[in-house]
Amino acid sequence: MAGVLRSVLAWWTVAVPVLSLVALALTWGRSLGPLPVVLVAVVLAAAVVAAVHHAEVVAHRVGEPFGSLVLAVAVTVIEVALIVAVMASGGEQESSLARDTVFAAVMITTNGIVGISLLIGAVRFGTTLFNAEGSGAALATVATLATLSLVLPTFTTSQPGPEFSPAQLAFAALASLALYAMFVVTQTVRHRDFFLPVTVPADKTDEAVPADAVPAEDQHAEPPTRRTAWISLGLLLVALVGVVGLAKVESPAIKSAVQAAGFPPSVVGVVIALLVLGPETLAAARAAHRNRIQISLNLAYGSAIASIGLTIPAIAVATIWLDGPLVLGLGPIQQVLFALTIVVSVLTVVPGRATRLQGGVHLALLAAFIFLAINP
């Protein structure tokens, strides 16, 4: 019975990415009615789950922390394509879409993914443990990137409005790329041990988590073969293309729903970020369920770093062809939420251990962000 179940799951994770591309080909550039919109949403959700499965297969093969980079970078590259595509079709009306989407991604990763992971880990194991050195370095990189790219444009004077001048935008893009490259080298080469899951010593298990917190199958499972990993990598990319392509297909319906509900246009960016970050959120939650909180934090902060460090340079290049202004500066409410997020995150990361309270605080900040995005 177990073998049959595994065969069904294996077939399903192969079929869904292909199905998402078929659905994308059938719906791209067409006006959809209510029923096709619902069907596309179902396929989109299934593609998200399939992407998580294949990302975990690749991560298991390459090991940590390289595995955490796979999904973060892949999703961010596709996110950039989605932002550029929507901005190109919307003109000046979408001038703030990049800011709204990137800031939403920062808040979802640093509060949503972190909060869910800490809450799951703490509820199941009592106390969650992670490397403060690696998580602190990642958080510092997130804070610096977000401040340079999203906060400073509000206060610069070379360009009217919350915008960068061309020279300032070029500087922010180059600085973002440099910081992202430095972080990747730090995470994967120079200080790789800072980003590996924490091992609980036998004499400390009564103070933190039980000795068998990590399931035996996670500790001893053989990594997949190279051929399996390559197949999963290809299916991961196919699934991600399907996810973002179908999200683009759904975007007119999303915009119409946002307008019909009377919500601000910035909510579109929040919805896009939620869709794109679905695979990473599920992967982080599954890692937390196995008491591998460091992997969850790697995914959360790594996704935030990639979202800014890759998106801002790509958008800076895209402005050569895009019409209209590029609004990057955050408003007062967003700046307050961002500052509070950084303060709370520092207090969470520094001890190297957290309880369900910290998870609840981060989720409360995410709820405040979403509520104030809808009702500013």
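Residues numbered from 1 in each chain as written. Predicted model: local features only at pLDDT ≥ 70, side-chain atom pairs only at ≥ 80, totals over all residues. Heavy atoms only, no water.

Caption draft 1: Local environment of the overall build of the protein chain. The number of helices and strands found in the protein chain is 13 helices and 2 strands. Residues counted as buried form 50% of the 376 residues belonging to the protein chain. Carbon and sulfur atoms make up 69% of the accessible area of the protein chain, which amounts to about 16,800 Å² in all. (Helix = DSSP H or I, 4+ residues; strand = E, 2+ residues; numbered from the N terminus. Buried < 20%, exposed > 50% of the residue type's maximum accessible area, 1.4 Å probe, protein only. Areas by Shrake-Rupley, 256 points an atom, 1.4 Å probe, with all protein chains shown as cover.)

Caption draft 2: Representation of the nonpolar core within the structure. In this structure, M87, Y301 and F369 are the most contacted members of the largest nonpolar core, which totals 97 residues. Top contributing element to this core by residue count: helix α11 (residues 293-318), with 15 residues. (Core = buried A, V, L, I, M, F, W, Y, C linked by side-chain atoms within 4.5 Å.)

Caption draft 3: Seen up close, the pattern of salt bridges. Per the stated rule, a full pass over the model turns up 1 salt bridge. The residue D100 makes a salt bridge to R99 at a minimum N-O spacing of 3.0 Å. Just as D100 is buried, R99 falls in that class too. (Salt bridge = Lys/Arg side-chain N within 4 Å of Asp/Glu carboxyl O.)

Caption draft 4: The arrangement of empty space enclosed by the protein in detail. Throughout the structure, instances matching the rule amount to 2 cavities of 30 Å³ or more. As a volume, the second largest cavity reaches approximately 40 Å³. Along its surface, the second largest cavity is lined by M87, T319, L322, D323, G324, P325 and L326. Of the residues belonging to the lining of the second largest cavity, the class tally is 4 nonpolar, 2 polar and 1 charged. (1 Å grid on protein atoms, 1.4 Å probe; cavity = no way out; pocket = protein on both sides within 12 Å on 5 of 7 lines; lining within 4 Å. Points joined across faces, edges and corners; volume = space filled by probe spheres on them. Nonpolar A, V, L, I, M, F, W, Y, C, P; charged D, E, K, R; others polar.)

Caption draft 5: View of the packing of helix α4 (residues 97-125) against helix α13 (residues 356-374). Contact geometry of α4 with α13 gives a least axis separation of 7 Å together with a crossing angle of 150°. By the angle between their axes, α4 is roughly antiparallel relative to α13. The chirality of how α4 crosses α13 is left-handed. Tallied by class, the residues present in the contact of α4 with α13 amount to 14 nonpolar, 7 polar and 1 charged. (Axes fitted to C-alpha atoms, helices over the stretch in contact; angles between N-to-C directions. Parallel < 35°, antiparallel > 145°, perpendicular 65-115°, else oblique. Left-handed = near helix turned anticlockwise from the far one by under 90°.)

Caption draft 6: How the structure looks around unusual backbone geometry. Positive phi is not limited to glycine here, since N291 has a value of about 65°. Among the structural elements, N291 can be located in the loop between α10 (278-289) and α11. Given a relative accessible area of 12%, N291 falls into the buried group.

Caption draft 7: Quick look at the packing of helix α2 (residues 34-62) against helix α8 (residues 226-261). Put simply, α2 and α8 touch, their axes get as near as 8 Å, and they point 150° apart. Classified by the angle between their axes, α2 and α8 sit roughly antiparallel to one another. For the pair α2 and α8, the crossing hand works out as left-handed. Taken together, the residues of the contact of α2 with α8 break down into 21 nonpolar, 3 polar and 3 charged.

Caption draft 8: Spatial organisation of the packing of aromatic side chains. A full pass over the atoms with the stated rule returns 2 aromatic pairs. On the numbers, 5.6 Å between centres and 80° between planes, the contact of F103 with F369 is edge-to-face. One end of the pair, F103, is in helix α4; the other, F369, is in helix α13, with 266 residues separating them in the sequence. Accessibility assignment for this pair places F103 and F369 in one class, buried. (Phe/Tyr/Trp six-rings, centres within 6.5 Å; stacked < 30°, edge-to-face > 60°.)

Caption draft 9: Structural context of the side chain of S165. Along the chain, S165 turns up in the loop between α5 (132-151) and α6 (166-190). Residue contacts for S165: discarding those within four places in its chain leaves S158 and Q159. (Contact = heavy atoms within 4.5 Å.)

Caption draft 10: Summary view of a nonpolar patch on the surface. Taken together, the side chains of W11, W12, V49 and L282 present a nonpolar region at the surface, about 390 Å² in accessible area. On the basis of relative accessible area, W12 is assigned to the partly exposed category, the value being 30%. (Patch = residues over 30% accessible without salt bridge, like charges linked within 9 Å, V, L, I, M, F, W, Y side chains within 5 Å.)

Caption draft 11: Fine view of the confidence of the model for the protein chain. Chain-level pLDDT for the protein chain is 82 on average; 87% of the residues reach the 70-or-more range. Across the protein chain, the element-wise mean pLDDT spans from 43 in helix α7 (residues 216-220) up to 95 in helix α12 (residues 332-349). Confidence drops under a pLDDT of 50 for residues 1-5, and excluding neighbours within four residues, the segment shows 0 contacts in the predicted structure. Throughout residues 202-220 the model reports pLDDT below 50, and contacts reaching past four residues in sequence, or to other chains, amount to 22 contacts. (pLDDT = per-residue confidence, 0-100.)

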